[in-house]
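Architecture at a glance
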Amino acid sequence: MPTQQNLQAIFQSVDKDRSGLISADELQRALSNGTWNPFNPETCRLMIGMFDSDNDGAINFMEFEALWKYINDWTQCFRSFDLDSSGNIDKGELQNALTRFGYRLSDQFYNLLMMKFDRTHTSRINFDDFIQLCVVLQTLTAAFRDKDTDRDGVITIRYEEFLSMVFSLKL
Ligand SMILES: [Ca+2]
Ligand SMILES: [Ca+2]
Ligand SMILES: [Ca+2]
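On a predicted model such as this, the values are computed, not experimentally measured, just so you know.

A few points about the nonpolar core
Counting residues in each nonpolar core, the largest one holds 41 residues, and the members touching the most others are Leu 27, Met 47, Phe 64, Leu 94, Leu 98, Phe 130 and Leu 133. Looking at this core, the elements with two or more residues in it are α1 (4-14), α3 (41-51), α4 (61-81), α5 (91-100), α6 (107-117) and α7 (127-147). In terms of residue count, the dominant contributor to this core is α4 (10 residues).

Next comes the structure, spelled out in structure tokens:
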């Protein structure tokens, strides 16, 4: 973990317009997914939403500390799941990763995940898309579990209940 001073320096280098706050745009420019493609803007938006405790739509230094730790944790996690060190995650690596996280999902569903989150259409998932995939999956699973009170993996919900559930998700 970087020291407080280092972190301040990182914050300042990310805060390009010196506003004292990091916007989604500034975060996007600061992050790399290991390719020449820009970092997934959706992932930046998701992460800012998660760490923006005072709800002003941007990240101040206090919030940045937690966000930076989160990004570093994901970097470690991504590296450990990238078994062949290719810099991205293929379907087998994804299956291994999500199984380790405790998910039980069918092969068919993995194909769907690969299709939806492989933004570069290479049958590989890059760092930024991997975070997005995990956060979305986690959020949807938590919303489902909320309703699945008897934990049998089945829920019955009314139309409007379903809409409220979806609309209230921070995705
Ligand atoms: Ca700024
Ligand atoms: Ca904020
Ligand atoms: Ca790999």
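Some details on the packing of α4 against α7
The packing of two helices is summarised by the inter-axis angle and the distance between the axes. Where α4 meets α7, the closest approach of the two axes is 11 Å, and the angle between their N-to-C directions is 105°. The orientation of α4 with respect to α7, classified from their angle, is roughly perpendicular. Note on element contacts: α7 touches α4 through Phe 127, Phe 130, Ile 131, Cys 134 and Val 135, opposite Tyr 70, Ile 71, Trp 74, Thr 75, Cys 77, Phe 78 and Phe 81. The class makeup of the residues in the contact of α4 with α7 is 11 nonpolar, one polar and no charged.

Describing the coordination of the calcium ion (ligand 3)
Around the calcium ion (ligand 3), the protein contributes the donor atoms Asp 82 (OD), Asp 84 (OD), Ser 86 (OG), Asn 88 (O), Glu 93 (OE) and Glu 93 (OE), at 2.2 to 2.6 Å from the metal centre. All donors of the calcium ion (ligand 3) come from a single chain, and their spacing in sequence reads D-x1-D-x1-S-x1-N-x4-E.

Here's the deal with the UniProt feature "domain: EF-hand" (unreviewed entry) in the protein chain
UniProt's feature table lists "domain: EF-hand" (unreviewed entry) at residues 2-37 and 69-104, given in the numbering used throughout. Annotated as residues 69-104, this span is 64% helix and 0% strand, and its ends, taken at the C-alpha atoms, are 28 Å apart.

A closer look at the coordination of the calcium ion (ligand 2)
With distances of 2.2 to 2.6 Å, the protein atoms coordinating the calcium ion (ligand 2) are Asp 52 (OD), Asp 54 (OD), Asp 56 (OD), Ala 58 (O), Glu 63 (OE) and Glu 63 (OE). Given six donor atoms and angles of 51 to 162° at the metal, the environment of the calcium ion (ligand 2) is assigned as irregular. If you list the donors of the calcium ion (ligand 2) from N- to C-terminus, the spacing comes out as D-x1-D-x1-D-x1-A-x4-E. You can call Ala 58 buried: its relative accessible area is 9%. With relative accessibility at 6%, the residue Glu 63 sits in the buried group.

Remarks on the confidence of the model for the protein chain
When the pLDDT values of the protein chain are averaged, the result is 94; 99% of them are 70 or greater. When mean pLDDT is taken per element in the protein chain, α5 scores highest with 97 and α1 scores lowest with 92.

Considering α1
What α1 keeps buried is the set Leu 7, Phe 11 and Val 14. One side of α1 holds all its buried residues, which, seen down the axis, span an arc of 65°. If you follow the buried residues of α1, they end up packed against α2 (24-30) and α4.

A short note on the packing of α5 against α6
Where α5 meets α6, the axes come as close as 11 Å, and the angle between the chain directions of the two elements is 110°. One element, α5, and the other, α6, form an angle in the roughly perpendicular class. Between α5 and α6 the crossing geometry is right-handed. In this structure, α5 uses Lys 91, Leu 94, Gln 95, Leu 98 and Thr 99 to contact α6, whose residues at the interface are Asp 107, Tyr 110, Asn 111, Leu 113 and Met 114. Residues belonging to the contact of α5 with α6 are distributed by class as follows: five nonpolar, three polar and two charged.

Describing the packing of aromatic side chains
One pass over the full model with this rule turns up 11 aromatic pairs. Ring centres of Trp 74 and Phe 101 lie 6.4 Å apart, and the angle between their planes is 90°; this geometry places the pair in the edge-to-face category. Of this pair, Trp 74 sits in helix α4 while Phe 101 sits in the loop between α5 and α6; the two residues are 27 residues apart in sequence, bridging distant segments of the chain. Of the aromatic side chains, those joined through ring pairs into one cluster are Phe 39, Phe 51, Tyr 70, Trp 74, Phe 78, Phe 81, Phe 101, Phe 127 and Phe 130. Here the basic side chain of Lys 116 rests over the ring of Phe 117, its NZ or CZ set 5.9 Å away from the ring centre.

Rules used throughout
- Residues numbered from 1 in each chain as written.
- Chains lettered and ligands numbered in written order.
- Predicted model: local features only at pLDDT ≥ 70, side-chain atom pairs only at ≥ 80, totals over all residues.
- Heavy atoms only, no water.
- Core = buried A, V, L, I, M, F, W, Y, C linked by side-chain atoms within 4.5 Å.
- Buried < 20%, exposed > 50% of the residue type's maximum accessible area, 1.4 Å probe, protein only.
- Helix = DSSP H or I, 4+ residues; strand = E, 2+ residues; numbered from the N terminus.
- Axes fitted to C-alpha atoms, helices over the stretch in contact; angles between N-to-C directions.
- Parallel < 35°, antiparallel > 145°, perpendicular 65-115°, else oblique.
- Contact = heavy atoms within 4.5 Å.
- Nonpolar A, V, L, I, M, F, W, Y, C, P; charged D, E, K, R; others polar.
- Donors = N, O, S within 2.8 Å, 3.2 Å for Na, K, Ca; no water.
- UniProt positions renumbered as here; feature names shortened; annotations may be inferred.
- Tetrahedral: all angles 85-135°; square planar, octahedral: opposite > 155°, others 65-115°.
- pLDDT = per-residue confidence, 0-100.
- Arc of directions from axis to C-beta.
- Left-handed = near helix turned anticlockwise from the far one by under 90°.
- Phe/Tyr/Trp six-rings, centres within 6.5 Å; stacked < 30°, edge-to-face > 60°.
- Lys NZ or Arg CZ within 6 Å of the ring centre and 35° of its normal.

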